[in-house]
Amino acid sequence: MTRDSRSVASPHVVSIADFRALAKRRVPRAVFDYLDGGAEGEVTLRENCRVYEDVTFRPRHAVAFADCALCTRVLGFDLALPFLLAPVGYSRLMHTVGEVGAARAAGNAGTAYILSTISGHKLEDVKAASSGPVFYQLYLLCGREAAEAAIERARIAGFSALVVTSDTPVAGIRERDHRNGTKELISGTLLEKIPFLPGVLSHPGWLASFLLDGGLPALPNVVIPGQGPMPLIDVAASLAESAITWSDLKWIRDLWRGPIVVKGVLTGDDARRAIDEGAAAISVSNHGGRQLDCVSPSLRALPEVVKAVNGQTEVLMDGGIRRGTDIVKALCLGARAVLCGRAYAYGLAAAGEAGVNRAIEILRTDLDRTLRLLGCASVAELDRTYVNVPRNWDTD
Ligand SMILES: Cc1cc2nc3c(=O)[nH]c(=O)nc-3n(C[C@H](O)[C@H](O)[C@H](O)COP(=O)(O)O)c2cc1C
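Here is a short report on the structure shown in this document. (Residues numbered from 1 in each chain as written. Predicted model: local features only at pLDDT ≥ 70, side-chain atom pairs only at ≥ 80, totals over all residues. Heavy atoms only, no water.)

1. Overview of helix α13 (residues 204-212)
And then number 1: Those residues of α13 that sit buried are Trp 206, Leu 207 and Phe 210. Viewed along the axis of α13, the buried residues span an arc of 95 degrees, placing them on a single side of the element. More than 90 degrees from the buried face of α13, the exposed residues found are Pro 204, Gly 205 and Leu 212.
And then number 2: Turning to α13, the residues buried within the fold contact α2 (16-26), α3 (29-36), α5 (91-94) and α12 (197-201). (Buried < 20%, exposed > 50% of the residue type's maximum accessible area, 1.4 Å probe, protein only. Helix = DSSP H or I, 4+ residues; strand = E, 2+ residues; numbered from the N terminus. Arc of directions from axis to C-beta. Contact = heavy atoms within 4.5 Å.)

2. Details of the site of the ligand
And then number 1: As a matter of local geometry, the ligand sits amid 21 residues, with Pro 87, Ser 116, Thr 165, Gly 320 and Arg 342 nearest to it.
And then number 2: Pro 87 places a polar main-chain atom, nitrogen or oxygen, 2.7 Å from an oxygen atom of the ligand.
And then number 3: Separating a nitrogen atom of the ligand from a side-chain N or O atom of His 287 is a distance of 3.3 Å.
And then number 4: Of the residues in the shell around the ligand, the class split is six nonpolar, 10 polar and five charged. (Near = heavy atom within 4 Å. Polar contact = N/O pair within 3.5 Å; in protein donor to acceptor, adjacent residues only side chain to side chain. Nonpolar A, V, L, I, M, F, W, Y, C, P; charged D, E, K, R; others polar.)

3. A few points about the packing of aromatic side chains
And then number 1: Using the criterion set out here, one finds five aromatic pairs in the structure.
And then number 2: Pairing Tyr 34 with Tyr 90 gives two aromatic rings, centres 5.0 Å apart and planes at 50 degrees, and the pair type is tilted. Taken together, the residues span a long stretch of sequence, with Tyr 34 in helix α3 and Tyr 90 in the loop between β4 (83-85) and α5 at a distance of 56 residues.
And then number 3: Between Phe 77 and Phe 135, the aromatic rings sit 6.2 Å apart at their centres with planes inclined by 50 degrees, giving tilted as the arrangement. Taken together, the residues Phe 77 in strand β3 (residues 77-79) and Phe 135 in strand β6 (residues 134-138) connect sequence positions 58 residues apart.
And then number 4: For Phe 77, a relative accessible area of 26% puts it in the partly exposed group.
And then number 5: The ring of Trp 251 has Arg 144 lying over it, and the distance from NZ or CZ to the ring centre is 4.4 Å.
And then number 6: Geometry around Tyr 34 places Arg 290 over its ring, the cationic atom sitting 4.9 Å from the centre. (Phe/Tyr/Trp six-rings, centres within 6.5 Å; stacked < 30°, edge-to-face > 60°. Lys NZ or Arg CZ within 6 Å of the ring centre and 35° of its normal.)

4. Digging into the pairing of strand β8 (residues 219-224)
And then number 1: Counting buried residues along β8, five of its six residues qualify, which places the element largely inside the surrounding structure.
And then number 2: Relative to strand β9 (residues 228-230), β8 runs antiparallel, the two being bridged by three bridges. The residue of β9 that forms the bridge with Ile 224 is Gly 228.
And then number 3: Linking β8 to β9, which pair antiparallel, is a turn of three residues; within it Gly 226 sits at a positive phi near 80 degrees. (Pairing = 2+ DSSP bridges.)

5. Focus on the nonpolar core
And then number 1: Among the nonpolar cores identified, the biggest contains 115 residues, and Tyr 113, Leu 299, Met 317 and Leu 382 are the most heavily contacted of them.
And then number 2: The element contributing the most residues to this core is helix α19 (residues 342-374), with 17 residues.
And then number 3: When neighbours within four sequence positions are excluded, Tyr 113 is seen to be in contact with Leu 85, Glu 99, Ala 102, Ala 103, Ala 106, Val 126, Pro 133, Val 134, Phe 135 and Tyr 344.
And then number 4: Listed in part, the 15 residues of the second largest apolar core include Ala 112, Val 163, Val 261 and Ala 337. (Core = buried A, V, L, I, M, F, W, Y, C linked by side-chain atoms within 4.5 Å.)

6. Things to note about the side chain of Asp 33
And then number 1: Inspection of the secondary structure puts Asp 33 in helix α3.
And then number 2: A residue is classified by how much of its surface remains accessible, and Asp 33, at 7% relative accessible area, is buried.
And then number 3: Excluding residues within four positions of it along the chain, Asp 33 makes contact with Arg 176, Asp 177 and Asn 180.

7. Description of helix α17 (residues 298-309)
And then number 1: Helix length check: α17 (12 residues) gives 16 Å between terminal C-alpha atoms against 16 Å at 1.5 Å per residue, within 8%.
And then number 2: Taken together, the buried positions of α17 are Ser 298, Leu 299, Ala 301, Leu 302, Pro 303, Val 305, Ala 308 and Val 309.
And then number 3: Residue Asn 310 follows α17 closely and has a positive phi angle near 50 degrees. (Expected span 1.5 Å × (residues − 1).)

8. With respect to the state of the cysteines
And then number 1: Enumeration according to the criterion identifies zero disulfides in this entry.
And then number 2: Summary of cysteine pairing: Cys 49 is not part of a disulfide, and the nearest cysteine sulfur, belonging to Cys 340, is at 11 Å.
And then number 3: Residue classification places Cys 340 among the buried positions, given a relative accessible area of 1%. (Disulfide = S-S within 2.5 Å.)

9. Observations regarding a nonpolar patch on the surface
And then number 1: A contiguous nonpolar surface patch, about 350 Å² in accessible area, is contributed by Leu 190, Leu 191 and Ile 194.
And then number 2: Considering the arrangement of structural elements, one finds Ile 194 in the loop between α11 (190-193) and α12. (Patch = residues over 30% accessible without salt bridge, like charges linked within 9 Å, V, L, I, M, F, W, Y side chains within 5 Å. Areas by Shrake-Rupley, 256 points an atom, 1.4 Å probe, with all protein chains shown as cover. Salt bridge = Lys/Arg side-chain N within 4 Å of Asp/Glu carboxyl O.)

10. A look at unusual backbone geometry
And then number 1: Backbone geometry at Cys 294 places phi at a positive 70 degrees, although glycine is not the residue there.
And then number 2: Relative to the assigned elements, Cys 294 resides in the loop between β11 (281-284) and α17.

11. Structural notes on the side chain of Asn 48
And then number 1: Within the secondary structure layout, Asn 48 lies in helix α4 (residues 43-50).
And then number 2: At a separation of 2.8 Å, a polar atom in the side chain of Asn 48 contacts the side chain of Asn 286.
And then number 3: Leave out the neighbours within four places in its chain, and Asn 48 touches Asn 286, Gly 288, Gly 289, Pro 297, Ser 298, Gly 319 and Gly 320.

12. As for the environment of Gly 214
And then number 1: By the element assignment, Gly 214 lies in the loop between α13 and β8.
And then number 2: Counting along the chain gives 118 residues from Gly 214 to Thr 96, while the straight-line C-alpha distance between them is 9.7 Å.

Written as structure tokens, this is what we have:
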């Protein structure tokens, strides 16, 4: 039994919050805060999680089912679970198995994995690791030529959909990263690094595996023509130079010719626009509270988007999912499925692939139990009749 599997087998690891605590111990503060933190005052980050408390259940008692069906269909793919693993950049810093381990865990659980552009592993290796569908999340880092090459590679490797993230015209300011000296640690001189080194040196286990893995990876899927993989340090500046706009979407569609998900929609207007531009699905998201602070929590934005879409495309959502009850509430409000970000990434940071497997299992058993307690036989039957929603959610 490896150290990773031992730590997740502990009877004390029963919730995603337990994984968050384990992750906080295993990785340096700069890595943990990169994963855990949000933009500016972290208002949206907090609200993303808290808002689930505003929705309460209306169970149907005195019914019992031998089996509850958790399966759903997203973009024509049959998934065993109504949640996918969201794109999480720099996953290889959290654990060396990174994106490969997360994709394999998703495939083994019968669900889809979405690979971030900011991956430390080659997209071909990530695809090969998973037995399930894998989607590619696209930023236009380093411009159209680099994106075109990545899209072509993703098609050849067998990726099933493109997820175009629309909420990142510049990187949000994550104040914890500044305080932790993340920039200095990545690209500073030795003198600039010194104040921040104790936080890294105090995690020798993580540091040893990070160094054995080759240290800070360049981005193997963002290949600058004539130069090679993009260095990690250039990401924030490059994001600002290569923001995705609606006019890029047609170009992306013509290149890809497969299903496209527009991620980062928070209003009915943007949802309609995404449909007009040919999106096959829309993902309601505020990037886990990491971009514009003080936008609506995702669950709160969901009803407006579902109404505007009016069944024309599938609606996914992400933000703040930490429990099966959160997933059930989002499905009741009209999401076809949800994307989990930190919920599995805490598992990855805490215990690598074993941690992701266990995080998925926690959410799966949560879901099954919640459906039974609700008196609902399948996620396909979940609707508004199973929840109380604050009245003003539908009127404004
Ligand atoms: C550490 C971290 C890195 C992320 N990197 C990306 C990314 O590269 N591309 C992207 O579209 N979204 C990215 N996201 C946002 C997630 O895909 C997702 O929208 C968000 O995590 C959902 O909120 P949750 O973490 O509360 O589940 C990232 C999120 C986190 C926490």
